[in-house]
Amino acid sequence: MSRLGAQELMMNALRAGVAIPSFNTPYLPVMEPTVRAIVDTQCFAFITVARVEWTKFDAKGIQPVYDEYCKLKDEKYTRLHLDHIPVIDEDNLEVDYLPRIREAIELGYDSVMIDGSRLGLDENIAVVKKVVELAHVSGIPVEAELGAIFGHESGPLPPYEELFESGKGFTDPAEAKKFVEESGVDWLSVAVGNIHGAISAAKKSEKKVEARINIGQLDKIYQEVECPLVLHGGTGIKKNYIMESFKHGISKINIATATRQPYEKLLAETGSVEKAQDAVYAAAVHLIKDELELAGSADIINP
Ligand code: 13P
């Protein structure tokens, strides 16, 4: 059996109307129970890490995450993705993004994300184009973001209903078309009502608001770009919206808060990494089976 790359796997998900969950790694011990949950439910998923997880949490970095992944991976069920490498970070600081992307590609990450969403459209396109040129030489697909997915910033968030009704920051379908055509990006992360779980010390343990998705807007974007779309802020979105989104181009759904919070809670309460890992396993199995209905998806996505 030939080994499918991340692009082919995403296209398989897109064609089948299912999604690949992408599980974040805020702490290295979160990865083992996550991979176990993926394999036990015969789901196909990405393991991933974002820059913010080694700057604000304890993921250690691109190499340590790669090393841990190599110990745990099962390629029938998993691939390794590099999540959010921002050009401008959540504290408005400039990031030297290219060396990070290059490091991940050279190590053997299967796909990468460049996040220029805090830039203007043309600047975002220029940055993504540069990353696409670098990654495609190695046959690695690139994800990029257009629109504002709120939640990671430390400042106050507008009330969710106000945000949803106004469509503030939502990805514009015409801009999305230009963005994908001119940058050559493979997968597009969209803002359509989804928000990230908070990461500031003051708010990271709070329950996320139950987000919704503007399916009409999502569909308009998909009609324009026809490439796999990515749903960030996957924790806590109402289930019927998630299931519907898979029929309108969402081929990857990012999950961080749903496994991070149980880990932090159990570790704080019991002091036991093992008990905290048990909580991650239970949360990931529940999510895959009940919230996303993706148990058994590996046979469709990676036959
Ligand atoms: P949640 O924290 O809402 O699950 O979002 C995760 C995410 O989008 C990481 O890129």
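The rules behind these values
Residues numbered from 1 in each chain as written. Predicted model: local features only at pLDDT ≥ 70, side-chain atom pairs only at ≥ 80, totals over all residues. Heavy atoms only, no water. Helix = DSSP H or I, 4+ residues; strand = E, 2+ residues; numbered from the N terminus. Rg over C-alpha atoms; globule rule 2.2 N^0.38 Å. Buried < 20%, exposed > 50% of the residue type's maximum accessible area, 1.4 Å probe, protein only. Contact = heavy atoms within 4.5 Å. Pairing = 2+ DSSP bridges. Axes fitted to C-alpha atoms, helices over the stretch in contact; angles between N-to-C directions. Core = buried A, V, L, I, M, F, W, Y, C linked by side-chain atoms within 4.5 Å. 1 Å grid on protein atoms, 1.4 Å probe; cavity = no way out; pocket = protein on both sides within 12 Å on 5 of 7 lines; lining within 4 Å. Points joined across faces, edges and corners; volume = space filled by probe spheres on them. Nonpolar A, V, L, I, M, F, W, Y, C, P; charged D, E, K, R; others polar. Right-handed = clockwise from strand over helix to strand, strands pointing away. Arc of directions from axis to C-beta.

A. Representation of the overall build of the protein chain within the structure. In terms of helices and strands, the protein chain carries 13 helices and eight strands. Against the compact-globule benchmark of 19 Å for 303 residues, the protein chain has a radius of gyration of 18 Å, which places it among compact chains. Principal-axis analysis of the C-alpha atoms gives the protein chain an extent of 50 × 50 × 40 Å. Residues counted as buried form 57% of the 303 residues belonging to the protein chain. The long-range fraction of contacts in the protein chain, counting pairs at least 24 apart against all pairs at least 6 apart in sequence, stands at 76%.

B. Broad picture of the sheet that holds strand S2 (residues 45–49). As summarised here, the arrangement of the eight strands in space is S1-S2-S3-S4-S5-S6-S7-S8, forming a closed barrel in which the pairing is parallel. Each neighbouring strand pair of the sheet contributes to a mean axis angle of 30°, computed without reference to strand direction. Both S2 and strand S3 (residues 78–86) contribute to a ladder of five bridges, which runs parallel. Opposite alanine 45, over in S3, you have threonine 78 as the bridge partner. Each of strand S4 (111–115) and strand S5 (142–146) is contacted by helix H6 (residues 121–137), which is oriented at about 175° to S5, the strand it contacts most.

C. Region of the structure containing the nonpolar core. Counting 91 residues, the largest nonpolar core has Phe23, Tyr109, Val112, Ile114, Phe179, Leu188 and Leu229 as the members making the most contacts within it. With six residues, the top contributor of residues to this core is H6.

D. Main features of empty space enclosed by the protein. Applying the stated criterion to the full structure yields one cavity of 30 Å³ or more. Roughly 210 Å³ of volume is contained in the largest cavity. As for the largest cavity, its lining consists of 21 residues, and the residues nearest its centre are Asn24, His152, His196, Ala256 and Thr257. Only helix H3 (51–55), S3, strand S8 (250–255) and helix H11 (257–270) provide two or more residues apiece to the lining of the largest cavity. When the residues that make up the lining of the largest cavity are grouped by side-chain class, the tally is six nonpolar, 11 polar and four charged.

E. Expanded view of the pairing of S5. Most of S5 sits out of view: five of its five residues are buried. Where burial is concerned, the two faces of S5 agree: the one with Val142, Ala144 and Leu146 and the one with Glu143 and Glu145 are both buried. Sheet topology note: the S4/S5 ladder contains three bridges and is parallel. Paired with valine 112 across the two strands is valine 142, which belongs to S5. At this point the chain moves from S4, through H6, to the parallel S5, and the crossover so formed is right-handed. Where S5 and strand S6 (residues 187–190) come together, four bridges link them in parallel fashion. Bridging across to S6, alanine 144 finds its partner in leucine 188.

F. Looking closely at helix H4 (residues 62–72). Of the residues making up H4, those classed as buried are Ile62, Val65, Tyr66, Glu68 and Tyr69. Axial view of H4: buried residues confined to an arc of 165°, hence all on one face. If you follow the buried residues of H4, they end up packed against helix H2 (31–40), S2, H3, S3 and helix H5 (97–107).

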